[in-house]
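Spelled out from the first residue to the last, the chains are:
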Amino acid sequence: MTNGTLITVAPTGAESAKADVPALPVTLDELVATAKECEAVGASVIHVHIRDDDAQPSLDPVRLRETVAALRSSTDLIVQLSSGGSVHDPESARLAVLDAGPDMASCTMGTVNFGDDVFMNRWEFIVGLHTRMQERGVVPEYEIFDLGQLWALQRLLDKHGLPAGGHVHVDFVMGVPGGMPGTPAALVACQQALRELPDGTTFSATGIGRFTLPVLLTSLGAGGHLRVGMEDTVTYAKGQPVESNAQLVARASAFARLAQRPPLTPGEARNLLGIPP
Ligand code: KMH
Ligand code: ZN
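These lines cover the structure that appears in this document, whether it is placed above or below. As the structure is a computational prediction, the values presented were derived from the model and not from experiment.

### A few points about the sheet that holds strand 5 (residues 78-81)
Reasoning step 1: The sheet built from 8 strands closes into a barrel, its strands ordered 1-2-5-6-9-10-11-12 with parallel pairing. Neighbour-to-neighbour, the strand axes of this sheet turn through a mean angle of 30°, independent of strand direction.
Reasoning step 2: Note that strand 6 (residues 104-108) and strand 9 (residues 139-144) share 5 bridges and pair parallel. Across the sheet, cysteine 107 pairs through a bridge with tyrosine 142, a residue of strand 9.
Reasoning step 3: Along the sheet, helix 2 (residues 61-74) contacts strand 2 (45-48) and strand 5; its crossing angle with strand 5, the most-contacted strand, is approximately 160°.

Here's what the structure looks like:
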């Protein structure tokens, strides 16, 4: 049992436009540079969405493979590909993300309203993704946008078994319009519900926009881990745009050290998550 903090950086996402957020890393070079900077200041996992030549969200299989290879050769970060993509991506392309051979992939545990859109995650799709990850030794991060999705995860594990590596790790994504709010009360409710999941289940949490700091501070205090990055937050403080993903990771690391739970190295994070070295 570690007392350190796993810090995941989610640098890009699928929602912000490069034109609106010039610091957003959208090319492979920008992503690799971001990854190195974030590793240097305390990140151990990178949650990756890629963009095409027009900076639009993409699940292009060739580009995904190149991205995994480039991140592996330039950093020691655990590479977690998003299987969520954008709300417009078809299930087939989302499943095919696993073909790029990442260490981890996200697996969202239910359908949720997502602003004016719907982020579709049918039960059959979730089972397919979970099973394929088991077969390929890809470790999931179960994305939880609402409390009930933890009960869906309990059902998934009961019916279809533990994930690759045997360790269960979830990420609470809090403050999406349509999902749970980014409040301490909601985070504590999620943490309580983890008692129904396998012993040793770990969690990280991320707050969208103005929920960033309340969620970060609550998660640290509650013994949880952290996800930060420009996928979730493009404003550092009121009226102050985020300058870089490393700025957000550095702030998270500083809070983690103050809490006497310093950032885990990528090696320590692999150990925690059940990912082979
Ligand atoms: N872009 C959202 C629709 C994930 O990466 O798995 C989905 C998302 C979750 O970001
Ligand atoms: Zn994502």
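Text resumes after the structure shown.
### A word on the packing of helix 1 (residues 28-40) against helix 8 (residues 245-258)
Reasoning step 1: The interhelical angle for the contact between helix 1 and helix 8, taken along N-to-C directions, is 15°, at an axis separation of 9 Å. In terms of orientation, helix 1 and helix 8 fall into the roughly parallel class. Here helix 1 and helix 8 pass one another in a crossing that is right-handed. When helix 1 is examined against helix 8, the residues Thr34, Glu37 and Cys38 are found in contact with a partner set consisting of Asn245, Ala246 and Val249.
Reasoning step 2: Across the contact of helix 1 with helix 8, the residue classes break down as 3 nonpolar, 2 polar and 1 charged.

### Brief notes about the nonpolar core
Reasoning step 1: With 70 residues, the main nonpolar core has Ile7, Ile46, Ile144, Phe172, Met174 and Val249 as its most contacted residues.
Reasoning step 2: Among residues more than four places away in sequence, those in contact with methionine 174 are Met180, Pro181, Gly182, Ala186, Leu187, Ala205, Thr206, Gly207, Ile208, Phe211 and Val215.

### Some words on unusual backbone geometry
Reasoning step 1: You will see that alanine 55, though not glycine, has its phi angle at about 65°, which is positive.
Reasoning step 2: A residue is classified by how many C-beta atoms lie within 10 Å of it, and alanine 55, with 15 of them, is partly exposed.
Reasoning step 3: Positive phi is not limited to glycine here, since glutamine 260 has a value of about 65°.
Reasoning step 4: Structurally, the position occupied by glutamine 260 is in the loop between helix 8 and helix 9 (266-273).
Reasoning step 5: Glutamine 260 sits in the exposed class, given 10 other C-beta atoms within 10 Å.

### Focus: the site of ligand 1
Reasoning step 1: All residues in the neighbourhood of ligand 1 are listed as Gly13, Ala14, Ser82, Ser83, Gly84, Ser86, Val87, Ser106, Thr108, Phe114, Phe119 and Glu143.
Reasoning step 2: Residues that form the shell around ligand 1 fall into these classes: 4 nonpolar, 7 polar and 1 charged.

### A word on helix 4 (residues 123-136)
Residues spaced three or four apart along an α-helix face the same direction, because each turn holds 3.6 residues.
Reasoning step 1: An ideal rise of 1.5 Å per residue puts 20 Å on 14 residues; helix 4 measures up with 20 Å between its terminal C-alpha atoms.
Reasoning step 2: Residues Ile126, Leu129, His130 and Met133 constitute the buried set of helix 4. The buried residues of helix 4 occupy one face: seen down the axis, they fall within an arc of 95°. Exposed residues on helix 4 whose side chains face more than 90 degrees from its buried face are Glu124 and Glu135.
Reasoning step 3: Contact partners of the buried residues in helix 4: helix 3 (91-96), strand 6, strand 9 and helix 5 (148-160).
Reasoning step 4: Once helix 4 ends, the next one or two residues include glycine 137, with phi positive near 70°.

### Side note on the pairing of strand 11 (residues 202-207)
Reasoning step 1: Within strand 11, 5 of the 6 residues are buried, which leaves it mostly tucked inside the rest of the structure.
Reasoning step 2: Judged from the 6 bridges that link them, strand 10 (residues 169-174) and strand 11 form a sheet pairing that is parallel. Looking across to strand 11, one finds that valine 173 is bridged to threonine 206.
Reasoning step 3: Judged from the 2 bridges that link them, strand 11 and strand 12 (residues 225-228) form a sheet pairing that is parallel. Paired with alanine 205 across the bridge in strand 12 is leucine 226.

### Notes on helix 6 (residues 184-193)
Reasoning step 1: Within the span of helix 6, buried status applies to Ala186, Leu187 and Cys190. End-on, the buried residues of helix 6 take up no more than an arc of 100°, which puts them together on one face. Turned more than 90 degrees away from the buried face of helix 6, the exposed residues are Ala185 and Gln192.
Reasoning step 2: On the buried face of helix 6, the contacting elements are strand 9, helix 5, strand 10, strand 11 and helix 7 (212-221).

### Quick notes on the packing of helix 1 against helix 2
Axis angle and axis distance: for two packed helices, these are the angle between their axes and the distance between the axes, and together they describe the pair.
Reasoning step 1: Where helix 1 meets helix 2, the axes come as close as 10 Å, and the angle between the chain directions of the two elements is 35°. Relative to helix 2, the crossing made by helix 1 is right-handed. Taken together, the residues of helix 2 that come into contact with helix 1 (itself represented by Leu28, Leu31, Val32, Ala35 and Lys36) are Glu66, Thr67, Ala70, Leu71 and Ser74.
Reasoning step 2: Taken together, the residues of the contact of helix 1 with helix 2 sort by class into 6 nonpolar, 2 polar and 2 charged.

The rules behind each value
Residues numbered from 1 in each chain as written. Chains lettered and ligands numbered in written order. Predicted model: local features only at pLDDT ≥ 70, side-chain atom pairs only at ≥ 80, totals over all residues. Pairing = 2+ DSSP bridges. Helix = DSSP H or I, 4+ residues; strand = E, 2+ residues; numbered from the N terminus. Axes fitted to C-alpha atoms, helices over the stretch in contact; angles between N-to-C directions. Contact = placed C-beta atoms within 7 Å. Parallel < 35°, antiparallel > 145°, perpendicular 65-115°, else oblique. Left-handed = near helix turned anticlockwise from the far one by under 90°. Nonpolar A, V, L, I, M, F, W, Y, C, P; charged D, E, K, R; others polar. Core = buried A, V, L, I, M, F, W, Y, C linked by C-beta atoms within 7 Å. Buried ≥ 20, exposed ≤ 12 C-beta atoms within 10 Å, placed from the backbone. Near = placed C-beta within 6 Å. Expected span 1.5 Å × (residues − 1). Arc of directions from axis to C-beta.

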